[in-house]
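# Secondary and tertiary structure notes
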Amino acid sequence: RNELLLHLKTYNIYYEGQNLQLRHREEEGELVVEGLLNISWGLRRPIRLQMQDDNQRIRPPPSSSSWHSGCNLGAHGSLLKPSTLPDIQVTDMGTTPSTEAPGNNTASKSQPEEVPQLMRTRSDVGVRRRGSTRTPGEQRRIRRHRFSINGHFYNHKTSVFTPAYGSITNVRINSTMTTPQVLKLLLNKFKIENSAEEFALYIVHTSGEKQKLRPSDYPLIARILQGPCEQVSKVFLMEKDQVEEVTYDVAQYIKFEMPVLRSFIQKLEEEEDREVKKLMRKYSILRLMIEQRLEEISEGPTAM
């Protein structure tokens, strides 16, 4: 616990002022850390995006005849029914809304001053017809239901594609989530059809070392213990059957130049030859001793 808190303090100092800082809290006597985890795409094969989001969660765009500029709409698009309906006057569709003060409007003189006046504004449908500009509500709905993979949203022609190798995304998790849970959360965030069983998370070091996170591992804890600097190590999403783990002992030789590696091989071959000759001498002596003993045994009964 103390070691984790020490690493967490270093982690947050490194990311001071950024959204990658992590928070921690006590939950039933257990330390829980939560925040964003950067994950790099390391896929070699294409992935497939879902054709549509869940229809139950997406509402069709309202028509201009059913509402005006979001009037009487709740936070989730539901129609609010007030107990007393105000007497609201709406200008005709073909006329231009008046910009004069309500006190100068002849039509409003016959009405009490407390009567609210609703000026017609542009509906979502009109905006959509004139161009590709979306209202803030539409933009929030898109962000809520589908995230892009480095700017790649779903397109029926490019729904099968391979994310750029090394490009980074992030997912909000906590320290109690295991590797399979993080994988499922990441795939669900981007609406990826592929099964989570096809992928694995790896910690990849600049030295070439690749460490696969086990199903029982906690990726956020592993990231904290590895340190915050992604110039040293990164968390990669990769295919299970395309990547092999590389231990530290092997990785330390990967960065050497070929002449240096050849000299290593030459020394290893020389050492191997010495060991082979040593074993041959040893077993040659043992063979001679066994043969002499067999001769003594075979001559014994004849002499008698």
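Only a predicted model underlies this, so the values are computations on that prediction, with no experimental measurement involved. (Residues numbered from 1 in each chain as written. Predicted model: local features only at pLDDT ≥ 70, side-chain atom pairs only at ≥ 80, totals over all residues. Heavy atoms only, no water.)

### Quick look at the overall build of the protein chain
Within the protein chain, the secondary structure is distributed over 7 helices and 8 strands. Looking at the 304 residues of the protein chain, the share that counts as buried comes to 28%. A sequence separation of at least 24 residues applies to 72% of the contacts in the protein chain between residues at least 6 apart. Of the roughly 21700 Å² of accessible surface on the protein chain, 53% is carried by carbon and sulfur atoms. (Helix = DSSP H or I, 4+ residues; strand = E, 2+ residues; numbered from the N terminus. Buried < 20%, exposed > 50% of the residue type's maximum accessible area, 1.4 Å probe, protein only. Contact = heavy atoms within 4.5 Å. Areas by Shrake-Rupley, 256 points an atom, 1.4 Å probe, with all protein chains shown as cover.)

### What to know about the nonpolar core
Soluble, globular proteins show a tendency: their nonpolar side chains are buried together. Judged by nonpolar contacts, the single largest core of 37 residues is most densely connected at Ile39, Ile149, Ile192, Leu201 and Leu237. When contributions to this core are tallied by element, the ones reaching two or more residues are helix H1 (2-14), strand E2 (30-41), strand E5 (168-174), helix H4 (179-189), strand E6 (199-205), helix H5 (219-226) and strand E8 (233-239). With 6 residues, E2 is the single largest residue contributor to this core. Setting aside anything within four residues of it in sequence, one finds Ile149 in contact with Trp41, Ile47, Leu49, Phe161, Pro163, Phe190 and Ile192. With 6 residues, the next largest nonpolar core counts Ala200, Tyr202, Val204 and Val243 among its residues. (Core = buried A, V, L, I, M, F, W, Y, C linked by side-chain atoms within 4.5 Å.)

### Some words on the environment of Phe264
One can find Phe264 in helix H7 (residues 258-303). Look at Phe264 and you get partly exposed, because its relative accessible area is 29%. Residues Phe264 and Tyr253 lie 11 residues apart in sequence; the distance between their C-alpha atoms is 9.6 Å. Ignoring any residue separated from it by four or fewer positions in sequence, one finds Phe264 in contact with Tyr253 and Phe256.

### Comments concerning the packing of aromatic side chains
Going through the model one piece at a time under the given rule, you end up with 4 aromatic pairs. With a centroid separation of 5.2 Å and 55° between ring planes, the pair formed by Tyr11 and Tyr15 is classed as tilted. Through a chain of ring-to-ring contacts, three or more aromatic side chains come together here, namely Tyr11, Tyr14 and Tyr15. (Phe/Tyr/Trp six-rings, centres within 6.5 Å; stacked < 30°, edge-to-face > 60°.)

### A few points about a nonpolar patch on the surface
On the surface, Leu279, Tyr283, Ile285, Leu286 and Met289 cluster together into a nonpolar patch covering about 510 Å² of accessible area. Take Leu279: it is sitting in helix H7. (Patch = residues over 30% accessible without salt bridge, like charges linked within 9 Å, V, L, I, M, F, W, Y side chains within 5 Å. Salt bridge = Lys/Arg side-chain N within 4 Å of Asp/Glu carboxyl O.)

### Some remarks on the packing of H1 against H5
The geometry of H1 relative to H5 is characterised by a closest axis approach of 8 Å and an angle of 75° between their N-to-C directions. Considered as vectors, H1 and H5 are oriented roughly perpendicular to each other. The segment H1 lies against H5, with Leu4, His7, Leu8 and Tyr11 engaging Ile221, Arg223, Ile224 and Leu225. Counted by class, the contact of H1 with H5 contains 6 nonpolar, 1 polar and 1 charged residues. (Axes fitted to C-alpha atoms, helices over the stretch in contact; angles between N-to-C directions. Parallel < 35°, antiparallel > 145°, perpendicular 65-115°, else oblique. Nonpolar A, V, L, I, M, F, W, Y, C, P; charged D, E, K, R; others polar.)

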